[in-house]
Each structure stands twice: as structure tokens, then as C-alpha cells.
Amino acid sequence: MSATRDLIRALQRRIVAEDPLPPPPPAPVIPSPPHRVFPTPHSRSRYATRAAAHTTALVGIGHVGTRYATDVVLQFQAELAVAHQAVATVLPDGWAAAHGLLPLRSRVADHRQFLLRPDLGRRLDEASVDRLQRDARKGADVQPILADGLSAVACMGSGLALLEQFTAACSTRGLSVGTPVCAQFARVWLEDEVGSLVRARVAVILLGERPGLGTGDGLSAYVVHDPKIGKTDGDRNMMSNIHARGTPPAQAAARLALLAEAMLSQGTSGVGLDLTGLARELGDAARRGYRAGAERVRLVEVPR
Amino acid sequence: MQLTATIRGIAYRFASVKEVLAKANAPKSGDELAAVSARDPVERVAARAVLSRLTLQELRENPVVPYEDDELTRMVEDTLDEQAFRAVKDLTVGQFREWILETRTTGATLRSIAPGLTPEMAAATAKLMSNMDLMIAGSKCQVVVRANNTLGLPGRLSSRLQPNHPTDDIEGILLSAREGLSYGCGDAVLGVNPATDSAESTAEILRALDGLLVKNGVPTQSCVLSHVTVQMRALDLGCPMGLMFQSLSGSEKGNRAFGISLALMDEAWEKMKHLGATRGPNVMYFETGQGSALSSAAHHGADQVTLEARCYGFARRYRPFLVNTVVGFIGPEYLENGAQITRAALEDHFMGKLLGLPMGCDACFTYHSSMSQDELEALKVLLAAAGCTYLMSLPVGDDIMLNYQSTSFHDIPSVRALTGRRPAPEFEAWLADKGIWIGDGPGERFGDPEVVR
């Protein structure tokens, strides 16, 4: 016990006698900043330049200590902010009607519930059911549905153009098209109820897709034959990454119309649909679940 | 069996062990979606109080999916180590929690009782633990495995290098892989999620990864995470497969939705033991994640933590080299925010380790969940402190194929430095030889992908 007391006393003497942290050395001359590598061409590493031809992954970006250079941090934060903003944006009331689309809404009450209750996003609310039954054309070959999905930004961005181009592409192929509608707080399977209420032979939902880093403006399209509640993912054909840097809307519209036509002639969709004869026209989209690559762009520019 | 507790004079009654387990769970949006969670915080504590008095024997007798209805329940029950079970069967869950946390209960002791535990016991214990309890208990467990290198030794933190590419461009995959190796990542596996789920494509990527490892003499293993049936066909094509992968679910019905069964996995494991390219003895790789059973309506009214533990009961049959929970991947309808994702990661790590698995974690979020990047970085440090076997690693944490945010190449050396952990020993020797990572810090060639040819 007395040994412990002695030890504590000895330690406490040092408290008075010594500075617990020795004074720092004089400020050094700070060397010029570390090499920045992303992503302007004049500052890219050789490795990053070579990689850019093969991948959008951020490689060859260097490091400070074990962490990112400031430019990389800002690029990352900008990409993250773009993605989060896309998810958080709500389709404004009146937007659909202002663009000549029949407005529909799922059973979801608000944005948070939309994220937490996918089951409610797959069904129409009562007013929408009434509106569809009253105002929409019945028995068309193809029922197009524009929807917010996980990015209202994409819906309001290239969504309208995709819808118009898709409608035109269907008409060119001699397919009749239902009243264009726009659904708020919508999940993919909402197309089943919409399509069955208007007795369409094929339903197509064009909706904002879950954003990736820096890509809040992508749309996905899901096409289903004989739409009705109870269809599963295996019954659908899909196309994703529809935007200027991925599959351009015009190209996607033409391919989607081709898919719809194939479904009408084969009387099926999804895993049962044979696309071998269409591989040339469909290109990469003939593969189920295909995702086109997207170019990575620098988001932050600060004038010198 | 007593399924009642009273708090401030109000009696809470529960109809079944399954209901008690569900309502004792920490708040999770997925349990709300399944409509199995406690209706308020007080009922949650009442359920925990009831759970704390149940014995492990009672939990064994009341699996959340009945023996008659589910092959996973039958397999766990029929293969349980009776001697190990006898050592703990009369403890209540509350006593079992305390016994685990006792200083004199060592990792070796925990390892000796692991074969006698059912998944429901691990899940029940996790429900009575705080995050720090989960970390202390998880860090005690020792699970050491070996393929071409050794994972899970004390003081080590490994990483899966995940060089995914949206079109499986081989050059693109290798460019990401070389960058990751130059940051000291990849000692758990070089694992690619393929965009195309075909045997030819799987074999092609495996050959490319193997070529990179052989050319540079890297002591690790490769894996392409296609469906197990696709990998079995790829093995027939004669490719160098380091680990065989499959996603698992916590019920027979959930596994059917994944296109697998016990019989199929038994067959796959046998095939891999004969045709795989690693030294072994651990050659399998599994991924899990809370919510996967509910997403295929295969949850049988049970909560997602208990179902997750049941994935581990399935996984341990195959003595895997790697098991990781992909904790924030399936979206906010299962784990809404940073608090829920953090909690789930620590629960899964503890439950897997307690059941004897080399648990890693894909600490991640999708861009529609409300977890911040700062919260995700904090979780990586918590996991390392809890003794997590490995984390993921990607360029800037960004998966350009699956579109979600995980651990970055830069995070792995950062977390190692913060927590004083080192790579797997064989890999560490390779890193030192290349000048990438020497002792506790970066070497001359750290972060220079040209060091890998």
C-alpha cells in the first residue's frame, strides 16, 4: 500500500515539475501541395488516364497520408449530394397535369413512407382508380406510365422526352397507345394495377431509378405483358441507365417499342420472351437486366 | 414457459417465443414492414425481460420456423453438438449474456460451446445487448480460417477487394484490382460481382484475377460472385476458382427464392473441395443481410435479426473462409438510417462470430437510405474495434455496378492505422516486399498501382 502511495507521490511531483507536452518544434516550411490527380486532363496521373478508357471507377487518384486529396473529397461530396437530392425531390403537385398527363398517386402518404413502405407504392389510391376508370382510354396495345420512382429529378428531366419518343415509336410500329399518365410515389409494380384497370395488353412504366454516385438523372423502364396484380419480376423486361451519358432516351424509346411489339406477337414477357431474333436491333438491351455504362464527369469547377 | 412481464403495473403478455424474440428486437424498419415489432418502447423492454428468463433449452425447443416446415431448422436441430449444448442449456438468455461478458470467459471457451448453439440462441442474446456489449462479446470470439492465407488471427483486419465493373470489362476490373492491392487491400479475397451471370463470363474473370495474383505472387484468393450453379458449371470449364460464393437466406423458402437448397449447397461444396484452386481447408464464401427473407415473403412472421442468425446456422455447415453481412444494401425499408445500419452490423458480427463463423461486414448504404458518410466511416472503426474479420474495399467506396457506397481502398489502411491492426500475415509479408505497407504504416510505393504489374 505504501509503495502505491509512493508511486502516486512521485507521479504528482512530476505534475508540478514538468510540462505534460513538450513545446512543439518551430513551424516548418510547408512544401508545395501534393500532386492532384482527379480529374482534369492536365493533372491526371498516367494510371488514371489509362483507366478512364476502361472504367468509371475513381482509380489512380493518389492519397494524402492514407486519405483522399481535397479535390477528391469535393468531387465525392458533390456526387453524393446530387444522388441524395435526386432521392429527396418530390414531384410537385400539378406537374403532371401541367404537362398534359393524367395525374395518379399511389397509396403512399408522404416521402418517408414512400421509402419505408414499398408495398403501398405498388397500389393506386382510390381517387386514382376512379380517375383512371373515368378518364383513360381502355383496351390499348400499350399503356405508358411516367413515374417518379426514386428520382423525381429524372422523371421531370428526361422522363417527358422518353415518354413522347416512346409513344411516337409505338405509333410508328402501328401499336395503339393509352392515355399518358404520371404517377407519384410509384414503385415498379404499380404498372400492374394501372395496366389492368385500363385493360392494356402491355404496360410500360418509365421511372426514376435509384441514384448512383453523381447520377441522379437516370430512368429505368419495366415492360410487362398482360398486366395484372400478382405479376413478379420474372414477368418483366427492364432497361436501366436511360440518360444522355448511358442509353440516350431516343434509343431507349425505340428499343422499348420493339420489346412491346415482341410481347404482343409472342403473347408473353420476362423470362418467357424470346429476344434472339431481335438481338441486332436491341443491341446490349437484348440481355435481361443489362446496364449501360455511364461516363464520370467532373462536378466541381471553381474559377481561379 | 413464462411469457409475461409487468412494467409499472402494466402486464405485457406474449403468445409465443417467436413474438417475444421479434418484439425484443431493437427498432428496425424491416420489422415494422413485417408488422412484427413492439408497438412501443416499453413493450420492447417487457419482451426483453421475458426473453431474459427463457432458457437456451426453451429456445432450442421453439425455433421460429417449425421443424416440420423447414429444412434449415431440421439441419440445425439434427446436427447440434449435444455435449456443447448440455453445457449451456439450463442458462437463461440473461445469464448466458452475462456469462459471455465475464472476463474469465475466454474466446477458447466460447469456441467450445459454439457447436451447441442454435441461431435463435445467438439472436436472443444479441437482443439483450447494447452496441458496446456486442463489440466486447464479438471481439472475444476467435475464428481463424485458412485458404491461400490465414484470416482472423488476433490483431488483424483483412479486406475483400471488390473491383466490380458494369460491363465486366476485364481491363477495367484489373485496373481497380491493381489500385486496391497498392493500398494494402485484398487479403480476404479479390471478389467480383459479375454483371453477366454466365459460366463463361465467370471463368473468364476468374482466369484474369488468377493471372494477376500469379504474376505478382500475391498470397490471396479470387472469387466471382455469380449464382452457385453458374460457378459449378464454371468449375467444369476448368477455371482457377479460389472461393465458391453464394447468398444465403434464413429459411428454406427464402433459399428457394435464391435458387438454392441444402442438397444443392452440399453438392456445390463437394465439387469445390475437389476442383477448387485453394489449399483450403476453408473454401466457401457466403453473403447475408437482414431483410432478405422478408423481401421474398419467406420470413414466417419472424424478425429479421433472428432470420439473419439462421443464415449463419446454414453457413457454418460448410466451414466457410468468408461470411459477411451486406448490412445496408437492400434499402431503408429494412434498415432506415445510420443508427439501424450500425446496430445491425454489430449484431450480425457478434451473432456470426458466436456461432463460429469468420464474420466480415460490408458496411454500406444505398443512396436512398438516410445514413451519412460520416456515420458510415464511424461504423468501419466500430467494426474493426469489435474484431471484425474483414471489410470490403472499392475505389472511393463507390460500387459503379451495384450503385451503393461501401468501404474504400483508402479506408482500409486508415482503419488499420487507427485501431493498430495489420493485414493477414502472408499478405503482410507480400506488402512489405513490394514496399506498400511496412509494419504499421505506408511504404514508399503505397497507393502507386504501378507497383502491381
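Conventions and cut-offs
Residues numbered from 1 in each chain as written. Chains lettered and ligands numbered in written order. Predicted model: local features only at pLDDT ≥ 70, side-chain atom pairs only at ≥ 80, totals over all residues. Helix = DSSP H or I, 4+ residues; strand = E, 2+ residues; numbered from the N terminus. Rg over C-alpha atoms; globule rule 2.2 N^0.38 Å. Buried ≥ 20, exposed ≤ 12 C-beta atoms within 10 Å, placed from the backbone. Contact = placed C-beta atoms within 7 Å. Nonpolar A, V, L, I, M, F, W, Y, C, P; charged D, E, K, R; others polar. Domains from an automatic or database assignment. Pairing = 2+ DSSP bridges. Axes fitted to C-alpha atoms, helices over the stretch in contact; angles between N-to-C directions. Parallel < 35°, antiparallel > 145°, perpendicular 65-115°, else oblique. Left-handed = near helix turned anticlockwise from the far one by under 90°. Expected span 1.5 Å × (residues − 1).

**Concerning the overall build of chain A**
- What chain A contains, in helices and strands, is 10 helices and six strands.
- For 304 residues, the compact-globule estimate of 2.2 N^0.38 gives 19 Å, and chain A exceeds it by more than 25% at 28 Å.
- Its C-alpha atoms give chain A principal-axis dimensions of about 95 × 50 × 40 Å.
- Expressed as a percentage of its 304 residues, the buried residues of chain A come to 46%.

**Focus: the overall build of chain B**
- Counting its secondary structure elements, chain B contains 21 helices and 16 strands.
- For a compact globule of 453 residues, the expected C-alpha radius of gyration is about 22 Å, and chain B comes in at 21 Å, within 12% of that figure.
- Each of the three principal axes of chain B carries a C-alpha extent, and together these read 70 × 45 × 45 Å.
- A burial count over chain B gives 61% of its 453 residues as buried.

**A few points about the interface of chain B and chain A**
- Tallying the contact residues gives 32 residues for chain B and 30 residues for chain A.
- The leading source of residues in the side of chain B that touches chain A is helix H11 (residues 170–182) of chain B, at five residues.
- Class assignment of the residues belonging to the side of chain B that touches chain A gives a composition of 13 nonpolar, 12 polar and seven charged.

**Considering the domain arrangement of chain B**
All names here are of chain B.
- With domains assigned, chain B is organised as domain 1 (4–140) and domain 2 (145–451).
- Opposite the 38 residues of domain 1 that make contact, domain 2 presents 40 residues.
- For the side of domain 1 that touches domain 2, the elements supplying multiple residues, two or more each, are helix H1 (17–23), helix H2 (29–33), helix H5 (71–79), helix H8 (107–113), helix H9 (119–127) and helix H10 (131–140).
- For the side of domain 1 that touches domain 2, the per-class residue count stands at 23 nonpolar, seven polar and eight charged.

**As for the pairing of strand S1 (residues 4–7) of chain B**
Residues and elements named next belong to chain B.
- Two elements, S1 and strand S2 (residues 10–13), share four bridges in a ladder whose sense is antiparallel. By the bridge assignment for S2, Thr6 is matched with Ala11.
- Connecting S1 to the next strand, S2, in antiparallel fashion are two residues, including Arg8 with a positive phi near 50°.

**Comments concerning the packing of H9 of chain B against helix H17 (residues 304–315) of chain B**
All names here are of chain B.
- Remark: H9 packs on H17, axes separated minimally by 8 Å, with the N-to-C direction vectors making an angle of 140°. The angle between the axes of H9 and H17 places the two elements in the oblique class. You can see that H9 and H17 cross each other, and the crossing is right-handed. Across the interface between the two elements, Pro119, Glu120, Ala122, Ala123, Ala126 and Lys127 from H9 touch Val305, Thr306, Ala309, Arg310, Tyr312 and Gly313 from H17.
- Here the residues of the contact of H9 with H17 are counted per class, giving seven nonpolar, two polar and three charged.

**Here we look at the environment of Gly338 of chain B**
Residue and element names in this part refer to chain B.
- Tracing the chain through its elements places Gly338 in helix H18 (residues 338–354).
- With 20 C-beta atoms packed within 10 Å, Gly338 lands in the buried category.
- Distance from Gly338 to Ser393, taken between C-alpha atoms, is 20 Å for residues 55 residues apart in sequence.
- For Gly338, the contacting residues outside a window of four places in its chain are Met371, Ser372 and Glu375.

**Points about the sheet that holds strand S5 (residues 219–225) of chain A**
All names here are of chain A.
- Pairing within the open sheet is mixed, and its six strands lie in the order S1-S3-S2-S4-S5-S6. At either end of the open sheet lies a strand with only one pairing partner, and these are strand S1 (102–105) and strand S6 (236–242). Adjacent strand axes in the sheet meet at a mean angle of 20°, parallel and antiparallel pairs treated alike.

**Comments concerning H11 of chain B**
- Its 13 residues place the ends of H11 of chain B 18 Å apart at the C-alpha level, agreeing with the 18 Å of an ideal helix rising 1.5 Å per residue.
- All of the buried residues in H11 of chain B are Gly172, Ile173, Leu174, Leu175, Ser176, Ala177, Arg178, Glu179, Gly180, Leu181 and Ser182 of chain B.
- Of the surrounding elements, those touching the buried residues of H11 of chain B are helix H2 (46–52) of chain A together with strand S5 (158–161), strand S6 (189–192), helix H12 (199–216) and strand S12 (390–393) of chain B.
- Immediately beyond the C-terminal end of H11 of chain B, within one or two residues, lies Gly184 of chain B, with a positive phi of roughly 85°.

**Considering helix H19 (residues 373–385) of chain B**
All names here are of chain B.
- With 13 residues, H19 should cover 18 Å at 1.5 Å per step; its first-to-last C-alpha distance of 19 Å lies within 8% of that length.
- Of the residues making up H19, those classed as buried are Leu376, Leu379, Lys380, Leu382, Leu383 and Ala384.
- In this structure, the buried residues of H19 make contact with H10, H18, strand S11 (359–362), S12, strand S14 (404–405) and helix H20 (411–419).

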